[in-house]
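Chain and residue survey
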Amino acid sequence: MSPQHQQLTAVLSDIRAELQHLNRWQSQPPSAEALASQQPFAVETLSFFEWTQWIMLPRFEALIQQQAPLPANCNIAPMAETAVQQEGIDGAQLITLFHRLDQILNGTH
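Scoring rules and cut-offs
Residues numbered from 1 in each chain as written. Predicted model: local features only at pLDDT ≥ 70, side-chain atom pairs only at ≥ 80, totals over all residues. Heavy atoms only, no water. Phe/Tyr/Trp six-rings, centres within 6.5 Å; stacked < 30°, edge-to-face > 60°. Lys NZ or Arg CZ within 6 Å of the ring centre and 35° of its normal. Salt bridge = Lys/Arg side-chain N within 4 Å of Asp/Glu carboxyl O. Helix = DSSP H or I, 4+ residues; strand = E, 2+ residues; numbered from the N terminus. Buried < 20%, exposed > 50% of the residue type's maximum accessible area, 1.4 Å probe, protein only. Expected span 1.5 Å × (residues − 1). Arc of directions from axis to C-beta. Contact = heavy atoms within 4.5 Å. Core = buried A, V, L, I, M, F, W, Y, C linked by side-chain atoms within 4.5 Å.

1. Focus on the packing of aromatic side chains
One pair of aromatic rings is described through two measures. These are the centre distance and the angle between the planes. Evaluation of the coordinates by the stated rule reveals five aromatic pairs. With a centroid separation of 6.4 Å and an interplanar angle of 45°, the aromatic rings of F41 and F48 are classed as tilted. Pairwise contacts between aromatic rings join F41, F48, F49, W51 and F98 into one cluster. Over the face of the ring belonging to F49 we find R24, whose NZ or CZ atom lies 5.9 Å from the ring centre.

2. As for the pattern of salt bridges
In total, this model carries two salt bridges according to the counting rule given. The salt bridge involving R16 is made with E61; its shortest N-O contact spans 2.3 Å. Of this pair, R16 sits in helix α1 (residues 3-21) while E61 is found in helix α3 (residues 48-65), placing the two residues 45 residues apart along the sequence. The class for R16 is partly exposed, based on a relative accessible area of 26%. In this structure E61 comes out as partly exposed when scored by relative accessible area, which is 32%. Between E87 and R24 there is a salt bridge, with its nearest N and O atoms 3.1 Å apart.

3. A closer look at α1
Over its 19 residues, α1 extends 27 Å from the first C-alpha to the last, a length consistent with the 27 Å expected when each residue adds 1.5 Å. Within the span of α1, buried status applies to H5, L8, V11, L12, I15, E18 and L19. Along the axis of α1, the buried residues cluster in a sector spanning 145°; they form a single face. Those residues of α1 that are exposed and angled more than 90 degrees off the buried face are P3 and H21. In this structure, the buried side of α1 is in contact with α3 and α5 (92-106).

4. Comments concerning the nonpolar core
Judged by nonpolar contacts, the single largest core of 32 residues is most densely connected at L8, I15, M56, I76, F98 and L101. Those elements that provide at least two residues to this core are α1, α3, α4 (77-87) and α5. Ranked by residues supplied to this core, first place goes to α3 with eight residues.

5. Concerning unusual backbone geometry
Although it is not a glycine, F41 sits at a positive phi angle of roughly 60°. Position of F41 among the secondary structure elements: in the loop between α2 (32-35) and α3. Judged by relative accessible area, F41 falls into the partly exposed class, the value being 22%. A positive phi is found at Q67, a non-glycine position, where the angle reads about 55°. Here Q67 shows up in the loop between α3 and α4. Taking the relative accessible area as the measure of exposure, Q67 reaches 38% and is therefore partly exposed.

6. As for the environment of L46
Position of L46 among the secondary structure elements: in the loop between α2 and α3. Using a relative accessible area of 6% as the deciding quantity, one classes L46 as buried. Residues L46 and P3, 43 residues apart in the sequence, show an inter-C-alpha distance of 32 Å. Discounting chain neighbours no more than four positions away, the residues touching L46 are P30, A34, L35, F41, W51 and I55.

Below, the structure written as structure tokens:
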């Protein structure tokens, strides 16, 4: 496993744990229709936290498992900042993790 894949694995695990800590982890998936959205971040059908849990994490985990090339241009942290602000939660740690995710994928860590 490449160092970048290893770093991504660690930050994804931390994001999962932080979503659970913030009570933003769901036990039931959204509908198949909601998951089939073609819009960025599935903004019209999912909350940012749902998108993270049900779309982003599984896609990145699949790339890691396949040792596939990772996206080289990532800017998810601003969406996390907006979602945390809209929800009115103490999401500073989650935002930090998304900044770390962006840095890993952009090669700026």
